[in-house]
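# Examination of the molecular architecture
Read off the chains here:
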Amino acid sequence: IKEIKINNRFFSEDEYAKRIAEFLLSKMENGSPILDINIVPQPRLQLGDRVKISRLEQFGISNRDYWVIESKIEYTGGVSQKLTLREAS
């Protein structure tokens, strides 16, 4: 991404919009992999927890740490938990 345009009626100051755009660009420069996984909710993980994936052959992952950035629990036909993980740098 080389440019971000922010069209928002709540940003009335150009400098503030520029700071937000620069922040977003800096976060996207060095991308970190994000994974969505479904797990049995034992132990129950929550937002902000750090987890280690020892081996996930399909993605070539071995001994990497990830932050839990989203956690959802569903109770349809049993309990399941969906996690969104971002690689810890």
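Below is a summary of the structure that appears in this document. Along each chain, the written sequence defines residue order, and numbers are assigned to residues from 1. For this predicted model, a pLDDT threshold of at least 70 governs which residues receive local features, and a threshold of 80 or more governs which side-chain atom pairs are given and counted, while totals over whole chains, interfaces and linings are taken from all residues. Based on all heavy atoms of the structure, the side-chain values leave hydrogens and waters out of the count.

## What to know about a negative patch on the surface
Distance thresholds for patches are 9 Å for like charges and 5 Å for nonpolar side chains (Val, Leu, Ile, Met, Phe, Trp, Tyr), applied to residues having over 30% relative accessible area and no salt bridge. A 1.4 Å probe and the Shrake-Rupley method give the accessible areas. Residues count as covered only by the protein chains that appear here. When a carboxyl oxygen of Asp or Glu is within 4 Å of a side-chain nitrogen of Lys or Arg, the pair counts as a salt bridge. Charge assignment in this entry is limited to Lys and Arg as positive and Asp and Glu as negative, and neither His nor the chain termini are counted. Throughout, a charge is located at the NZ atom of Lys, the CZ atom of Arg, the CG atom of Asp or the CD atom of Glu. A cluster of like negative charges, contributed by Glu13, Asp14, Glu15 and Glu22, occupies part of the molecular surface. Only DSSP runs of H or I reaching four residues or more are called helices, and only runs of E reaching two or more are called strands; each is numbered from the N terminus. One can find Glu13 in the segment before helix 1 (14-29).

## Re the environment of Ile34
Considering the arrangement of structural elements, one finds Ile34 in strand 1 (residues 34-39). The spacing of Ile34 and Trp67 is 33 residues in sequence and 9.4 Å in space, taken between C-alpha atoms. Not counting residues within four places of it along the chain, the set of residues in contact with Ile34 comprises Ile69, Thr84, Leu85 and Arg86. Only heavy atoms matter for contacts: two residues are in contact if any of them lie within 4.5 Å across the pair.

## Notes on a nonpolar patch on the surface
Residues Ile34, Leu47, Trp67 and Ile69 make up a contiguous nonpolar surface patch of roughly 400 Å² in combined accessible area. With respect to the helices and strands, the residue Ile69 is situated in strand 3 (residues 61-74). Accessibility here uses a 1.4 Å probe with only protein chains present; expressed as a share of the type maximum, an area under 20% marks a residue as buried, one over 50% as exposed, and anything in between as partly exposed. Judged by its relative accessible area of 38%, Ile69 is partly exposed.

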